[in-house]
Amino acid sequence: MIGLDEHNRQILEGVNDAAQYRFHSVLAYEEIYGPQISFNGALQAAQRVLDSFDGPIDAIIGFWDFPVSAMVPLLRRRYGLPAASLEELIKCEHKYWSRLIQREVLDEYPPFGLVDPAHDQNPPQHLRYPLWIKPVKSFSSVLAFGVADQDAFRQALGTIREGIGRIGEPFDALLEHLQLPPEIAAVGGQMCLAEEAIAGRQLTVEGYRYDGEVVLYGVIDSVRYDNSPSFLRFQYPSTLPEQVIARLEDISTRLVTAIGLDTMTFNIEYFWDPGTDAITLLEINPRHSQSHAELFADVDGMSNHEVMLRLALGRDPDFPHRKGRYPMAAKCFVRRFTDGYVRRHPTGEEIQAIERIVPGVTIDLIAHTGDVLSEQPHRDSYSYHVASVYIGAADETDLAAKFDQVAAALVYEIDDVTPEM
């Protein structure tokens, strides 16, 4: 497992038939996602670990975004394991290339255009505010900004210009492993994509492709904080109307078929506008979302980690339906909207006590004593992620009550940090 951390180790070791597996970590998360990211450096370090392993390697897995997502197929090929196409993966991860493919097979995408952060001051003329501006490769909404006018656009470009190299440079190193179409080679990994803003409810479709068949096994609602683009929770199953879900399944199947992605998990993010009934595709990711693992386990009886694992071993995932312990589940985000210095985080004993008192709850701390929230490496542009709370519940009322109880019991002490002028 590339980038195995303790929280996800517990999920993997709890899969069905767990006794037949032995999980080994290849590089810690912190070794891959440090202040500087080196694609070739991380790839070579992983190769050294695998070369020195004295047992059989039956599968190599990973669910983190770039660079892990791209390391997995390259490492599988090196060690003689079945591997998905690296080019198909990049057709999803390069946001501009992905939009070009979507334009060929779908109508459900927003108007978009390229922006060069090194030289451009204005968005493409055919686009209208409000817009989103983001690098062609980023993750966790890093350096993604919603802008309503020219001043905000230029301010966002300035921030992007300062930080785009952290992901853009290693992404360029990855692109060197491919024979790219001329129009994508000319763009590279350090350009930006501008898109007209999308309205409505955000949601995610998860699935996989096995033996040529596209299988969609879940739709998750992405609920945001009031008056903020930051997520409050991911909730499963979706509360969308059945006819909307059917349309999402059709769009998703057509897109995945056009790209390929055989023997791979994927997730596709959309918006649905209840007022106009319009569906708009936000992005496709060539991996499942580790944030949803416990949601599927709670509701369906199998985590999406196990889907990935079975595919990596050449097996049919055979995903179950509604065989879990709870009718509903969610990953909830405890956030702070101003910067702060963490003087104290909840102790392990306090976490265990909360998890005993509130059934169906697992807590994962993100911010720890000594952290400055603004220095978190993978945060969105609008808030600071303090803790994640995974909840199995009877219904939405039960879910909200459990989250409120846990959030009130989490004893953090965080001092305000005044922004530098």
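Because the structure is a prediction, the values reported are computed rather than measured.

Enquirer: What exactly am I supposed to notice about unusual backbone geometry here?
Expert: Backbone geometry follows two general trends: most residues other than glycine have a negative phi, and most peptide bonds adopt the trans configuration. The residue after Tyr-129, namely Pro-130, is reached through a cis peptide bond having omega 0°. On the secondary structure map, Pro-130 appears in the loop between strand E1 (112-115) and strand E2 (131-135). Omega for the bond connecting Tyr-236 with Pro-237 falls within 30 degrees of zero, at 0°, which places this linkage in the cis form. The topology assignment puts Pro-237 in the loop between strand E7 (231-236) and helix H10 (242-259). At Asp-211, a residue that is not glycine, the phi angle is positive and equals roughly 55°. Tracing the backbone shows Asp-211 in the loop between strand E5 (201-210) and strand E6 (213-224). In this structure, Arg-322 takes a positive phi of about 55° despite not being glycine. Looking at the secondary structure, you find Arg-322 in the loop between helix H12 (304-312) and strand E10 (328-336).

Enquirer: It is not clear to me how the sheet that holds E10 should be interpreted in this structure. Could you clarify?
Expert: The strands that make up a sheet pair up through hydrogen bonds in the backbone, lying either parallel or antiparallel. The strand order E9-E8-E5-E6-E7-E10-E13-E12 describes an open sheet built from eight strands, whose pairing is antiparallel. On the outer flanks of this sheet lie strand E9 (278-285) and strand E12 (361-365), each paired with one strand and no other. If you compare each strand with its neighbour and ignore which way they point, the axes differ by 20° on average. Judged from the five bridges that link them, E12 and strand E13 (residues 384-393) form a sheet pairing that is antiparallel. Each residue of the ladder has a partner; that of Thr-362, found in E13, is Tyr-390.

Enquirer: What exactly am I supposed to notice about the packing of aromatic side chains here?
Expert: Each aromatic ring pair is characterised by the separation of its centres together with the angle its planes make. As enumerated under the stated definition, the model contains 17 aromatic pairs in all. A centroid spacing of 5.3 Å and a plane angle of 50° characterise the contact between Phe-63 and Trp-64, whose relative ring orientation is tilted. Across the pair, exposure class does not vary: Phe-63 and Trp-64 are buried alike. An angle of 35° between the planes, with centres 6.0 Å apart, marks the rings of Tyr-208 and Tyr-217 as tilted. Tyr-208 sits in the buried class, given a relative accessible area of 3%.

Enquirer: Help me out: how do you make sense of the pairing of E7 in this one?
Expert: Put simply, side chains in a regular strand alternate between the two faces of the sheet. In terms of residue burial, E7 counts as a mostly covered element, since six of its six residues are buried. Sheet analysis places E6 next to E7, joined by four bridges and oriented antiparallel. Within E7, the residue paired with Arg-224 across the bridge is Phe-231. Inspection of the sheet shows E7 paired to E10 by four bridges, in the antiparallel sense. Paired with Arg-233 across the bridge in E10 is Cys-332.

Rules of the game
- Residues numbered from 1 in each chain as written.
- Predicted model: local features only at pLDDT ≥ 70, side-chain atom pairs only at ≥ 80, totals over all residues.
- Heavy atoms only, no water.
- Helix = DSSP H or I, 4+ residues; strand = E, 2+ residues; numbered from the N terminus.
- Pairing = 2+ DSSP bridges.
- Axes fitted to C-alpha atoms, helices over the stretch in contact; angles between N-to-C directions.
- Phe/Tyr/Trp six-rings, centres within 6.5 Å; stacked < 30°, edge-to-face > 60°.
- Buried < 20%, exposed > 50% of the residue type's maximum accessible area, 1.4 Å probe, protein only.

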